[in-house]
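# Fold and geometry: a report
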Amino acid sequence: MGPLPEQSIEWSMQDGKSHAPYGRNFLKKLITEVELNHGVVLDELYEQYAYYMTSLKDDNLVKGNARVCKFISFLFPDGCSGLPSCPNSRKLVVPLQCSLNMLEGDTGCSVWPSSLFLSEFILSFPELVSNKSCFEVGSGVGLVGICLAHVKASKVILSDGDLSTLMNMKRNLEYNNLNIGTAGPGRVTEGPNMVKCIHLPWESASESGLQDLRPDVILGADVIYDPVCLPHLVRLLKILLTQKKSCSQKQNDSWQGSLSDSISVDDKVNHINRWNANEKDDRLDGKVNGAKQANTNASGDGFDACGGKTIWDSTSSCGAREGPLAYIAFIIRNVDTFNQFLSLVDQANITITDLTETLKPINLLPYMQSYDRSKVRLLVLSCS
């Protein structure tokens, strides 16, 4: 490709500090791109960038680590008093330190919709994780882990590949009166209200480094959006799903969280879900269609699964699983990325079951208008 022709760029930026962080980041990327292509940067662009850097250097809005404390209040409706996860006040408040502005690139410290969904799922079906060893990949702010501790999971291990996110997560655990374990995967320390945190970049995860974890349940929220990370994620899930337990562990494990048992849990709270019966549900059906899967997402757009991968719906005869299960909640933001995930899972011989329609969590966040649970899908992964 030859040199770019000279172009005239009309620069217009509204005044005011509210636009300054975005203008600064845009200018930085533009100047870098032009210089890499050996182009000539207009003096006006340099001057505007220098203005942002000098006049706003002390402004908290331009700091990547700017934080704000949010309170996520799970409100249990009438009829939930029998759930083990329901407090006497029917209200569970979780304080979280989050990113002030996700658009600044601080995505690991933001609350994602699938994290809210997975937290509602845990609180709605505590039997699936109670008294079980649970491991979350890409834990972010730690909301899912806090809910796991609330429903008395026997062991809670959270992980993230970003060190700043991991530090923020530990603060959130402290805010929620949980003890923090920072030992590595092979060094396990026990204690009341103990939640362990592990720095785990997916690309460096190894079978030997994870050999002592042996979780019963693996969880992940919005972890399949980056196609570059998908091969590493699937390899990590494969390691966790195929870890073998000792004979003594197998005898002590009561697999109440198998798919066959989860249906009975759904029956127990079915009357509670009617509390939210007026909500429109456009989620995917996840029906089996031979070797290829055709689904429709919330906006009506269809997609085909790659590689002939079949996603079984939860009404199919899939039987009780004799090994770890992975619950993955996510929103399909890019069909090609999701199909790449399906193809990689198929190559790894991992079975997928769609639980979106079978295990619908209770609406515990009725006040949160920006949270649209109908766009979130829930899959369970297992290995034979």
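The protein chain has the name FAM86 N-terminal domain-containing protein in an unreviewed UniProt entry, where Carya illinoinensis is given as its organism.

## Focus on the overall build of the protein chain
Looking only at helices and strands, one finds 10 helices and 13 strands in the protein chain. Sequence-distant contacts, at least 24 apart, represent 74% of the contacts inside the protein chain between residues at least 6 apart. Here the protein chain displays about 19,100 Å² of accessible surface, and carbon together with sulfur accounts for 50% of that area.

## Some words on helix α3 (residues 113-124)
The end-to-end C-alpha separation of α3 is 16 Å, in line with the 16 Å expected for 12 residues at 1.5 Å each. Buried residues dominate α3, accounting for 11 of its 12 residues. Regarding α3, the residues found buried are Ser-114, Ser-115, Leu-116, Phe-117, Leu-118, Ser-119, Glu-120, Phe-121, Ile-122, Leu-123 and Ser-124.

## Details of the pattern of salt bridges
Applying the stated criterion across every chain yields a total of five salt bridges. For Arg-333, the salt bridge identified is with Asp-222, shortest N-O distance 2.9 Å. Taken as a pair, Arg-333 in the loop between β11 (325-330) and α10 (335-347) and Asp-222 in the loop between β7 (217-221) and α6 (230-241) lie far apart in primary sequence, 111 residues in all. Taking relative accessible area as the criterion, Arg-333 reaches 43% and is therefore assigned partly exposed.

## Describing the nonpolar core
Counting 54 residues, the largest nonpolar core has Phe-74, Leu-148 and Tyr-327 as its most contacted members. Residues contacting Leu-148, with those up to four places away along its chain left out, are Ile-122, Val-129, Cys-134, Ala-153, Val-156 and Leu-219. The next biggest cluster of nonpolar side chains, apart from the first, holds 35 residues, and it includes Val-223, Ile-224, Ile-328 and Ile-332.

## Regarding the packing of α3 against helix α4 (residues 143-150)
At their nearest, the axes of α3 and α4 sit 9 Å apart, and the two run at 5° to each other. Classified by the interaxial angle, the pair formed by α3 and α4 is roughly parallel. For the pair formed by α3 and α4, the contact residues are Ser-115, Leu-116, Leu-118, Ser-119, Ile-122 and Leu-123 on the first element and Leu-143, Val-144, Cys-147, Leu-148 and His-150 on the second. When its residues are assigned to classes, the contact of α3 with α4 shows eight nonpolar, three polar and no charged.

## Considerations on the pairing of strand β13 (residues 377-382)
For β13, a buried count of six out of six residues is recorded, marking the element as mostly surrounded by other parts of the structure. Across the two faces of β13 the burial is the same, with Arg-377, Leu-379 and Leu-381 and Leu-378, Val-380 and Ser-382 all buried. As paired elements, β11 and β13 share five bridges and run antiparallel to each other. Paired with Ala-329 across the strands is Leu-378, a residue of β13.

## Some thoughts on the packing of aromatic side chains
All told, the structure shown has four aromatic pairs when counted by the stated rule. Ring geometry for Trp-112 and Tyr-225: centres 5.8 Å apart, planes at 15°, overall stacked. With Trp-112 in the loop between β2 (91-99) and α3 and Tyr-225 in the loop between β7 and α6, the pair connects residues that are 113 residues apart, well separated along the chain. On the basis of relative accessibility, which here comes to 19%, the residue Trp-112 falls in the buried class. Between Phe-330 and Phe-338 the ring centres are 5.2 Å apart and the planes differ by 25°, which places this aromatic pair in the stacked class. With respect to class, Phe-330 is no different from Phe-338; both count as buried. Grouped by ring-pair contacts, the aromatic residues Phe-121, Phe-125 and Tyr-327 constitute a single cluster.

## A few points about the side chain of Ser-115
Structurally, Ser-115 is set in helix α3. Setting aside chain neighbours within four positions, we find Ser-115 in contact with Leu-143, Val-144 and Ala-221.

## Overview of α6
For α6, spanning 12 residues, the distance from its first C-alpha to its last is 16 Å, which sits close to the expected 16 Å at 1.5 Å a residue. Among the residues of α6, those classed as buried are Leu-230, Leu-233, Val-234, Leu-236, Leu-237, Ile-239, Leu-240 and Leu-241. If you follow the buried residues of α6, they end up packed against β3 (133-137), β7, β11, α10 and β13.

## Side note on the environment of Glu-127
By secondary structure assignment, the location of Glu-127 is in the loop between α3 and β3. Using a relative accessible area of 21% as the deciding quantity, one classes Glu-127 as partly exposed. When the C-alpha atoms of Glu-127 and Val-151 are compared, they prove to be 8.5 Å apart, with 24 residues separating the residues in sequence.

## Topic: unusual backbone geometry
One non-glycine residue, Lys-152, adopts positive backbone phi at about 70°. Locating Lys-152 in the fold gives a position in the loop between α4 and β4 (155-160). Although it is not a glycine, Asp-222 sits at a positive phi angle of roughly 50°.

## So, the packing of α6 against α10
Following both chains from N to C, one finds α6 and α10 inclined at 40°, their axes separated by 10 Å at the closest point. Considering the angle they form, α6 stands oblique to α10. Pair α6 / α10 crosses with right-handed handedness. From α6, Leu-230, Pro-231 and Val-234 reach across to α10, where they touch Thr-337, Gln-340, Phe-341, Leu-344 and Val-345. Per-class residue counts for the contact of α6 with α10 are six nonpolar, two polar and no charged.

What counts, and at which threshold
- Counting of residues starts from 1 at the beginning of each chain's written sequence and follows it residue by residue.
- Only residues with pLDDT of 70 or above have their local features reported here, since the model is predicted, and side-chain atom pairs are shown and tallied only from 80 upward, although totals for entire chains, interfaces and linings are computed over all residues.
- Heavy atoms throughout the structure, all of them, feed into the side-chain values; hydrogens and water do not.
- Strands are runs of DSSP state E lasting at least two residues, helices are runs of H or I lasting at least four, and both sets are numbered from the N terminus onward.
- The contact definition used throughout considers only heavy atoms, calling two residues in contact when any of these lie within 4.5 Å.
- The protein chains shown are the only cover counted for residues, whose accessible areas, like all others here, come from Shrake-Rupley with a 1.4 Å probe.
- By definition here, a helix of n residues has an expected span of 1.5 Å times n minus one.
- For the exposure calls, accessible area comes from a 1.4 Å probe over protein chains only, and a residue counts as buried if that area is under 20% of its type's maximum, exposed if over 50%, partly exposed in between.
- Salt bridges are identified by distance alone: a Lys or Arg side-chain nitrogen within 4 Å of an Asp or Glu carboxyl oxygen.
- In plain words, nonpolar cores are sets of buried Ala, Val, Leu, Ile, Met, Phe, Trp, Tyr and Cys residues tied together by side-chain atoms within 4.5 Å.
- Under this scheme, a helix contributes an axis fitted over its contacting stretch, all axes are lines through C-alpha atoms, and angles between N-to-C directions fall in the 0 to 180 degree range.
- Should an angle lie under 35 degrees it is considered roughly parallel, over 145 roughly antiparallel, and from 65 to 115 roughly perpendicular; all remaining angles are considered oblique.
- Classes in brief: Ala, Val, Leu, Ile, Met, Phe, Trp, Tyr, Cys and Pro nonpolar; Asp, Glu, Lys and Arg charged; the others, Gly included, polar.
- Should DSSP find at least two bridges between two strands, the strands are taken to pair.
- For this analysis, a ring pair means two rings from Phe, Tyr or Trp (six-membered ring only for Trp) whose centres lie within 6.5 Å, classed as stacked if their planes differ by under 30 degrees, edge-to-face if by over 60, and tilted for the remaining angles.
- Take the far helix as your reference; a near helix turned counterclockwise from it by less than a right angle gives a left-handed crossing, and one turned clockwise gives a right-handed crossing.

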